[in-house]
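# Results of the structural survey
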Amino acid sequence: MALKVSSTFVLGDGCHGLTCNKSNAKLLFRSPRFLPISCKSRPKNFSSQNRRQQPKKASPELLPLNVNFPPVADDQDQNAATDCVSSQEGTESDADGDTSVIIEHSNVANFDGSTLLAETKSLTENVNDGEQLSNVQLKDLMGMIRNAEKNILLLNQARVRALEDLEKILDEKEDLQGQINILEMRLAETDARIKVAAQEKIHVELLENQLEHLKNEIFNRGATEGRDHVIYENENELLNMKAPLSQSSHTSSLNEELNALKKENMSMNDDVQVLKSKLSNVQEMGERVLSLEKERSLFEASLKELESGFAIAQEDISKFANLKFEYKALWEKVENLQTLLKDATKQADQAIIVIQQNHELWKKVDRLEASLEEANSYKFSSEKSLQYNEHLQKKIKVLEEHLQKSDEAIHSHVQIYQEAVKEFQDTVNKLKQESKRRARDEPVDDLPWEFWSRLLLTIDGWLLEKKISSNDAKLLRELTWMRDGRIYDTYLACKDKKENETVATFLRLTSSKTRPGLHVIHIAAEMAPAAKVGGLGDVVCGLSKALQKRGHLVEVVLPKYDCIQYDRIGDLKALDVVVQSYFDGQMFKNKVWVGTVEGLPVYFIEPLHPAKFFWRGQLYGEHDDFKRFSYFSRAALELLLQAGKKPDIIHCHDWQTAFVAPLYWDVYAPRGFNSARICFTCHNFEYQGTAPASELASCGLDVHQLNRPDRMQDNKDHGQVNPIKGAIVFSNIVTTVSPTYAQEVRTAEGGQGLHATLNSHYKKFVGILNGIDTDAWNPSTDTFISFQYSADDLQGKTDNKCAIRKHLKLSADGTRPLVGCITRLVPQKGVHLIRHAMYRTLELGGQFVLLGSSPVPHIQREFEGIAIHFQSHPHIRLVLKYDEALSHSIYAASDMLIIPSLFEPCGLTQMIAMRYGSLPIARKTGGLNDSVFDIDDDTIPIQFRNGFTFSTPDEQGVNGALERAFNLYMKNTESWKELVQRDMKIDFSWDSSAEQYEELYEKSVARARAAANRA
């Protein structure tokens, strides 16, 4: 996104700004936006001579400055910077002068070196799309960097001036506060003097009243006394009157002084009001000073980031020159290719026109030949018509003779036919009787597996509800297991009967039995599609279905999660029985549900425990997962015991049900439940479920006996127990999901701490490559994709590519190959290589689609940022969620699928991709190494080469494989098509894997029976 950056730096009164213009400059600043700040102060002298003067109010004001970055010459830049600095140094503030620091940033975003690199990459991508980096843009970028360096210098100078102004403002604040204190003291003294003057004025008024009274007495007094006496009295009175007169003059002087004090008081009140307003301004200035300090700290941080960013930018600029020449060469090649393409297109158009003309000529020739044949036939018929009529008359006579003879033969044949019909009826009756006899002995193969699974669950329900004995249940199970026609006939006969009559009818079938294949019970935390998080669910379902097709009785035990997909379970119902199991020193009840999933009988255990172990809204990720699944393992074995089952194999998966192995041998085998061999499969040794040893006691296991180096004690932390290690030690068969991964985990690098344990039990440890459900993943019947197709008709794949481009709003350029990636975004999957593959695909001229999400927050945020960056790009799209339907569409549409895993136990993605004709680009590790073979590897027979591989988990490895794939796609379309068809015909079904598991099961059971016979 292009940002217009405007910045202004005004230091003092001497520098009027730095102006640089550059339109659409792509600079991003990491520091937050700075608010406009203006600080102005005028020191005042509050002496007694000028205390009544009103101070001038200076309102803060910002100059509106819009500054851009122009590409100026080096000399002009230097002169501008020199003039600005010199003007700043020549400006000095005096007592009445203003000191201002005005800083404005408008529309400023984050800027650092990584952003400059990102913009460089965007420029590179534009060149890859056909745009050429011009010399003007490079010079502009250099000019921007020079201007930014000069702005850094100005920012440093502004920071110094701001600190100096801050000190001055603080000093002025202290002076103002002292003067305010002095004025308040003088104001108090003035108030006291006013009170004294008021009292004296009252006294003078009283004296004036007495003087008037004496005057009145003189005029009214009689003249009876002598003149001397009168004169004497008058003199006394005059003397007495002189005192009041002198007092009145003193009163007038007091009045004058009082009036002067009043005036002075009013003036001082005005000064106080002015000082209060100034103090409020100072307080506001203090607050702005604090904000200025915060801005200063932000300036320092941004300066450091700018310095580091510019250092990186300078290093990157040195690479532009080489890139420029490479871009020119690439552009010339593109132009050459375009010209060649135009020439080829013209030649192809001419060839098409010639072919069309040839087709028209051939049609004309065919019409001429047809007309010629018709003419010849007419000519021949006219010459031969007479001869033909004569010959026809002779044939009619012969036919009449033959007709008479045939009537006689027909009559004799009718008699023979009637005799044959009688013999046929007798034969049919004999065959009907024989077919009825055989129907009782041969299995019924035309019924779906859901029917037999429901029947098995019904029999187990009767046993748990105590309606039949364990022996009768076992015999009925085996009849159902064999798909015996008699039990099917019985089921039909009892369809409308009551339950007690139905049970009695079924019990009549228990007189004879034969033993079929093996009885296998899977105890797992997942099963697709009802409860699935990862590949474990697919394996449990796929392997169980394959074993069932091979004639074995297969059942599955799962927890009943609240978030289970109930719509994928058939005939789900709760049994009228409660199974109790031990946990934390007491017995807890469990509700048992039964249903069918993909035609398999499944038991769901719902613990009636106050902790609500499986009512959490998710399968995994709870703080008490160790307790949840150790409880389930114990409850599952208790269900098998109380149901009277005698399986040959109990197959548990991953650490969640690894507790089954030690529980079976330490708790249940001593109680007589010992018919089974234990098979344990670890799908990923990275997840081991370790916990403090004390928690193992909750499910009834002996911590003292099992927390030992040769039992369940973790090899890294001796204070913890490891369920995976316990399953390895206590199981009869230990498997993992590919042969290469089995070798990798026996090394210190890949064993996650369990390599020593695996090496000590290597004789029972084997790797078997997983398969995929070829019914669910079949492009010829897949309902999730827009167009079905097959290896013999690939037009549907092209149509699917067009459909997904339209759906994701990608460019409809048919010449670009589409690279897909469907994965969980976790470090194991090589997320840094996936990110690199996106950009490399664009550079090579392809399109990229990613489907997946991450449970790691910072990885999810990183890819969300990439998705936003490319949200409108014509050749790349990221969908950061899980979408089952979209995954099918991407498999069907993509030409290549990249899988750059750091390690991969098995991986099903590469198998599904080849099933849909998307060639895998994979790293040689784990199951990828066992299923993807490089087309250029001469050590591999050519019929087994099916993809592109690389060994080193780095960008160079990804580049090499991608470039070879693009080269084959672009330059040899016929070889590419043959490779796609060969990949689509590879058998990745569970048949081969199920056969290997079957062999392991049978060997283990045979060894157990031989040991029992010897005992």
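Heads up: the structure comes first, above all this text.
Quantities reported herein were computed from a predicted structural model and do not represent experimental measurements.

Bringing the overall build of the protein into the picture now. The number of helices and strands found in the protein is 24 helices and 19 strands. In the protein, which comprises 1015 residues, the share counted as buried stands at 44%. Across the protein, the fraction of contacts at a sequence separation of at least 24, relative to all contacts at a separation of at least 6, is 77%. Surface accessibility of the protein: about 54400 Å² in total, with carbon and sulfur atoms responsible for 53%.

All chains considered together, the criterion is met by 30 salt bridges. E638 serves as the salt-bridge partner of R671, at 3.7 Å between the closest nitrogen and oxygen. Placement of the pair is R671 in the loop between α11 (660-668) and β9 (677-682) and E638 in helix α10 (residues 625-642), with a sequence separation of 33 residues. For R671, a relative accessible area of 45% puts it in the partly exposed group. In this structure E638 comes out as buried when scored by relative accessible area, which is 7%. K985 is the partner of D792 in a salt bridge, and the nearest nitrogen-oxygen pair spans 3.9 Å. Remark: K985 occurs in the loop between α23 (973-984) and α24 (991-1014) and D792 occurs in the loop between β13 (765-767) and α16 (795-808); sequence separation between them is 193 residues. Of the two residues examined, D792 and K985, each falls in the exposed class. Connected via shared salt-bridge partners are D460, R477, E555 and K645.

Attention now goes to the side chain of T909. Residue placement: T909 occurs in helix α20 (residues 909-915). Look at T909 and you get buried, because its relative accessible area is 19%. When near neighbours in sequence (up to four residues on either side) are disregarded, T909 contacts I822, Y891, L897 and I899.

The subject of this paragraph is helix α5 (residues 449-464). In this model α5 runs 23 Å from its N-terminal to its C-terminal C-alpha over 16 residues, within 8% of the 22 Å that 1.5 Å per residue would give. Just past α5, the residue K466 takes up positive phi, approximately 65°.

Taken together, the side chains of E167, D171, E174 and D175 make up a negatively charged region of the molecular surface. Structurally, the position occupied by D175 is in helix α3 (residues 135-220).

Attention shifts here to empty space enclosed by the protein. Evaluated as defined, the whole model comprises 7 cavities of 30 Å³ or more. Roughly 100 Å³ of volume is contained in the second largest cavity. Sorting the residues of the lining of the second largest cavity by element identifies α5, α6 (470-481) and β4 (553-559) as the ones contributing at least two each. Per element, the largest residue contribution to the lining of the second largest cavity is 4 residues, and it comes from α5.

Right, let's talk about the packing of aromatic side chains for a bit. Where two aromatic rings form a pair, the distance of their centres and the angle of their planes describe that pair. In total, this model carries 25 aromatic pairs according to the counting rule given. Through successive ring pairs, a cluster of aromatic residues spans Y561, F614, Y620, F626, F629, F632, W655 and F659. Here the guanidinium or amino end of K560 rests over the ring plane of W593, the centre of that ring lying 4.5 Å away.

Take the packing of α10 against α11 next. Running from N to C, α10 and α11 point in directions that differ by 50°, and their axes come no closer than 10 Å. With respect to α11, the element α10 is oriented oblique. Considering only the axes of α10 and α11, their crossing is right-handed. Note on element contacts: α11 touches α10 through V660, L663, Y664, V667 and Y668, opposite S633, R634, L637, E638 and L641.

Turning to the sheet that holds strand β18 (residues 919-923), a few remarks are in order. Whenever strands of a sheet pair, they do so through backbone hydrogen bonds, lying parallel or antiparallel. The sheet built from 6 strands is open, its strands ordered β16-β15-β14-β17-β18-β19 with parallel pairing. Bordering the open sheet on either side are β16 (876-879) and β19 (948-950), each of which pairs with just one other strand. Within this sheet the neighbouring strands show an average axis-to-axis angle of 15°, counted without direction. Helix α19 (residues 884-893) contacts β14 (818-822), β15 (847-851), β16 and β17 (896-899) of the sheet and is inclined by roughly 145° relative to β14. Running over the sheet, helix α22 (residues 955-971) touches β14, β17, β18 and β19 and is turned about 165° from β19.

Thresholds, definitions, all that
- Residues numbered from 1 in each chain as written.
- Predicted model: local features only at pLDDT ≥ 70, side-chain atom pairs only at ≥ 80, totals over all residues.
- Heavy atoms only, no water.
- Helix = DSSP H or I, 4+ residues; strand = E, 2+ residues; numbered from the N terminus.
- Buried < 20%, exposed > 50% of the residue type's maximum accessible area, 1.4 Å probe, protein only.
- Contact = heavy atoms within 4.5 Å.
- Areas by Shrake-Rupley, 256 points an atom, 1.4 Å probe, with all protein chains shown as cover.
- Salt bridge = Lys/Arg side-chain N within 4 Å of Asp/Glu carboxyl O.
- Expected span 1.5 Å × (residues − 1).
- Patch = residues over 30% accessible without salt bridge, like charges linked within 9 Å, V, L, I, M, F, W, Y side chains within 5 Å.
- Lys, Arg positive; Asp, Glu negative; His and termini not counted.
- Charge placed at Lys NZ, Arg CZ, Asp CG, Glu CD.
- 1 Å grid on protein atoms, 1.4 Å probe; cavity = no way out; pocket = protein on both sides within 12 Å on 5 of 7 lines; lining within 4 Å.
- Points joined across faces, edges and corners; volume = space filled by probe spheres on them.
- Phe/Tyr/Trp six-rings, centres within 6.5 Å; stacked < 30°, edge-to-face > 60°.
- Lys NZ or Arg CZ within 6 Å of the ring centre and 35° of its normal.
- Axes fitted to C-alpha atoms, helices over the stretch in contact; angles between N-to-C directions.
- Parallel < 35°, antiparallel > 145°, perpendicular 65-115°, else oblique.
- Left-handed = near helix turned anticlockwise from the far one by under 90°.
- Pairing = 2+ DSSP bridges.

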